Amino acid sequence: LKYVLLLSPEPPINDLIDFTANYNMTITHIQILQNQPLDKSLLTNLLLALQILINKDNLPLYVCCLDGRRTTGLLIAILRRLQGWSILSTMTEYWSYALSDRPSLLVQDIEKQTKDIEKFVNDITIDFIIPINIPKWLWNGDRIANVSCLKLKYDPNSSNSSDLIET
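Below is a summary of the structure that appears in this document. (Residues numbered from 1 in each chain as written. Predicted model: local features only at pLDDT ≥ 70, side-chain atom pairs only at ≥ 80, totals over all residues. Heavy atoms only, no water.)

## Focus: the environment of Ile-54
Alright, step 1. The residue Ile-54 is located in the loop between α2 (40-53) and β3 (61-65) in this model.
Alright, step 2. Spatially, the C-alpha atoms of Ile-54 and Ile-132 are 9.8 Å apart, while their sequence positions differ by 78 residues.
Alright, step 3. Discounting chain neighbours no more than four positions away, the residues touching Ile-54 are Leu-79, Leu-82, Phe-128, Ile-130, Pro-131, Asn-133, Ile-134, Pro-135, Trp-137 and Leu-138. (Helix = DSSP H or I, 4+ residues; strand = E, 2+ residues; numbered from the N terminus. Contact = heavy atoms within 4.5 Å.)

Okay, structure coming up:
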């Protein structure tokens with residue numbers, strides 16, 4: 001493990017900081033409030049987390065949030081859309097984890113939340129910068145031109161078009 005990505009309201013506790021330091025890991029905290037609305041602020045923070053997640057230099061990486069469902073689930077949902085997954089497959093995966101310990105959630109609540117999350121992950125209007133060094137599990141390591149749900153831009157440190165395909 002090289003990297004810990006903490007998505008939480010509070011910064012990491014000293015024990016976690018010491019643990020990561022003892023094992024030469026990097027830890028990054030991105031402040032995301034519990035039950036934060038699906039808004040531009042949350043999206044900006046999740047896209048920042050996604051940039052860290054898809055940077056091959058940070059792998060292997062551990063992502064954690066307060067309960068392992070909503071925030072991490074939203075991040076992975078955006079990742080799945082970036083990978084070209086359909087919205088149906090993305091939401092099926094999201095709910096398989098989100099409902100794991102809440103089986104009594106009402107169908108109408110799930111339907112409303114699903115519509116909100118689908119809109120959130122499909123209507124991203126913020127430019128997303130792709131790091132230079134991406135893992136093979138993302139587009140087979142090649143830096144592609146577009147994805148239907150994101151406006152892609154490439155790392156400004158890329159000096160020429162030959163950097164767009166990684167070998």
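## Here's the deal with the nonpolar core
Alright, step 1. Leu-50 and Leu-82 are the most contacted members of the largest nonpolar core, which has 43 residues in total.
Alright, step 2. Breaking this core down by element, the ones donating at least two residues are β1 (3-8), α2, β3, α3 (70-82), α4 (87-98), α5 (107-122), β4 (127-130) and β5 (151-154).
Alright, step 3. Broken down by element, the residue count for this core peaks at eight residues, all from α2.
Alright, step 4. Once you skip the residues sitting within four places of it in the chain, Leu-50 turns out to touch Leu-75, Ile-78, Leu-79, Leu-82 and Phe-128. (Core = buried A, V, L, I, M, F, W, Y, C linked by side-chain atoms within 4.5 Å. Buried < 20%, exposed > 50% of the residue type's maximum accessible area, 1.4 Å probe, protein only.)

## Quick notes on the packing of α3 against α4
Alright, step 1. Where α3 contacts α4, the axes come no closer than 10 Å and their chain directions differ by 155°. Relative to α4, the element α3 lies roughly antiparallel. Where α3 crosses over α4, the two elements pack in a sense that is right-handed. When α3 is examined against α4, the residues Arg-70, Gly-73, Leu-74, Ile-76, Ala-77, Arg-80 and Arg-81 are found in contact with a partner set consisting of Ile-87, Thr-90, Glu-93 and Tyr-94.
Alright, step 2. Here the residues of the contact of α3 with α4 sort into five nonpolar, two polar and four charged. (Axes fitted to C-alpha atoms, helices over the stretch in contact; angles between N-to-C directions. Parallel < 35°, antiparallel > 145°, perpendicular 65-115°, else oblique. Left-handed = near helix turned anticlockwise from the far one by under 90°. Nonpolar A, V, L, I, M, F, W, Y, C, P; charged D, E, K, R; others polar.)

## A closer look at the pattern of salt bridges
Alright, step 1. Considering all chains together, one arrives at two salt bridges under this definition.
Alright, step 2. Across the salt bridge formed by Glu-93 and Arg-80, the nearest N and O atoms sit 2.9 Å from each other. Separated by 13 residues along the polypeptide, Glu-93 in helix α4 and Arg-80 in helix α3 bring together distant segments of the chain. Neither residue differs from the other here; Glu-93 and Arg-80 are each classed as buried.
Alright, step 3. A salt bridge links Lys-112 to Asp-116; the shortest N-O distance between them is 2.7 Å. Separated by four residues within a single helix, Lys-112 and Asp-116 lie in helix α5, roughly one turn from each other.
Alright, step 4. Residue Asp-116 is classed as partly exposed on the basis of its relative accessible area of 33%. (Salt bridge = Lys/Arg side-chain N within 4 Å of Asp/Glu carboxyl O.)

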